[in-house]
Amino acid sequence: MDDTQVWQTIDSERAATADLLAGLTEVEWTYPSLCEGWTVREVAAHLSLAHRISVGGAFKAFVRARGSFNRLVDQTARDEARRPTAELVSELRGAVGLHRLAPGQTLKNALLDTLVHAQDIALPLGVERHMPTDAAVVVADDLWRMGFPFHARRRLAGHRLTATDADWSVGEGAEISGPIEALVMLLAGRTATIPRLTGITV
């Protein structure tokens, strides 16, 4: 995928996620997401912020988080989550077509964030959403290559991951196979899609 195609996918996923969120009840906004410690509301807040945070804002948040990236992400999401649901939906919808990355974020990171968090919201709600296959392959490669914060290669050492619906495989050892979108979620540290995979159990 080239950069234009990646942005098109991000825009499409943001729009679809905004549509999903707009139709939720107040109770559904409080459902636990696949992100540990976050409800649907916190995930939505996080997605609505990435394109808006400035370098100065990110630096202040980093200082407040005492130099912890994980704490920064958590604190900013919780702060944003205090906003009305309609504002969160509006902010996410307003990001469509606004091709701006968060400080320090790569375009592949933005694609990863958008695809994985869409599933973090949808799966606990029982909503069926599918990742575009080409985009999922890009994200799977990115997750395998990066270390922090997912450490996929270390967690899945001794295994070969093979997609059954795409030309993608990595690693060496006992095979774990299944749809590329299910493998992406496994690489991102989620267990919800393990039932869709063979060669691994919870």
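Here goes a summary of the coordinates provided. (Residues numbered from 1 in each chain as written. Predicted model: local features only at pLDDT ≥ 70, side-chain atom pairs only at ≥ 80, totals over all residues. Heavy atoms only, no water.)

**A closer look at the overall build of the chain**
Logical step 1: Helix and strand content of the chain: 10 helices and 3 strands.
Logical step 2: Element order for the chain, N to C, with α for helix and β for strand: α-α-α-α-α-α-α-α-α-β-β-β-α.
Logical step 3: Expected size for 202 residues packed as a compact globule is a radius of gyration near 17 Å; at 17 Å, the chain falls within 12% of this value.
Logical step 4: Counting only residues that meet the buried cut, the chain has 49% of its 202 residues in that class.
Logical step 5: Sequence-distant contacts in the chain: of pairs separated by 6 or more residues, those separated by 24 or more amount to 61%. (Helix = DSSP H or I, 4+ residues; strand = E, 2+ residues; numbered from the N terminus. Rg over C-alpha atoms; globule rule 2.2 N^0.38 Å. Buried < 20%, exposed > 50% of the residue type's maximum accessible area, 1.4 Å probe, protein only. Contact = heavy atoms within 4.5 Å.)

**Concerning unusual backbone geometry**
Logical step 1: Cis geometry marks the peptide bond from Phe148 to Pro149; its omega dihedral reads 0°.
Logical step 2: Residue placement: Pro149 occurs in the loop between helix H8 (133–145) and helix H9 (152–155).
Logical step 3: The residue His151 is not glycine, and still its phi comes out positive at about 50°.
Logical step 4: As for its position among the elements, His151 is in the loop between H8 and H9.

**What about the pattern of salt bridges?**
Close approach of charged atoms allows side chains of opposite charge to pair.
Logical step 1: For the structure on display, the rule yields 11 salt bridges.
Logical step 2: With a closest N to O distance of 3.8 Å, Arg160 and Glu172 form a salt bridge. Residue Arg160 is located in strand S1 (residues 159–163), and its partner Glu172 is located in the loop between strand S2 (169–171) and strand S3 (174–178); the two are separated by 12 residues in the primary sequence.
Logical step 3: Taking the relative accessible area as the measure of exposure, Arg160 reaches 28% and is therefore partly exposed.
Logical step 4: According to the relative accessible area criterion, Glu172 is exposed, its value standing at 64%. (Salt bridge = Lys/Arg side-chain N within 4 Å of Asp/Glu carboxyl O.)

**Observations regarding the side chain of His46**
Logical step 1: Tracing the backbone shows His46 in helix H3 (residues 40–49).
Logical step 2: Overall, the relative accessible area of 14% leaves His46 in the buried class.
Logical step 3: Here His46 is in contact with Trp38, Val73, Ala77, Asp113 and His117, once residues within four sequence places are set aside.

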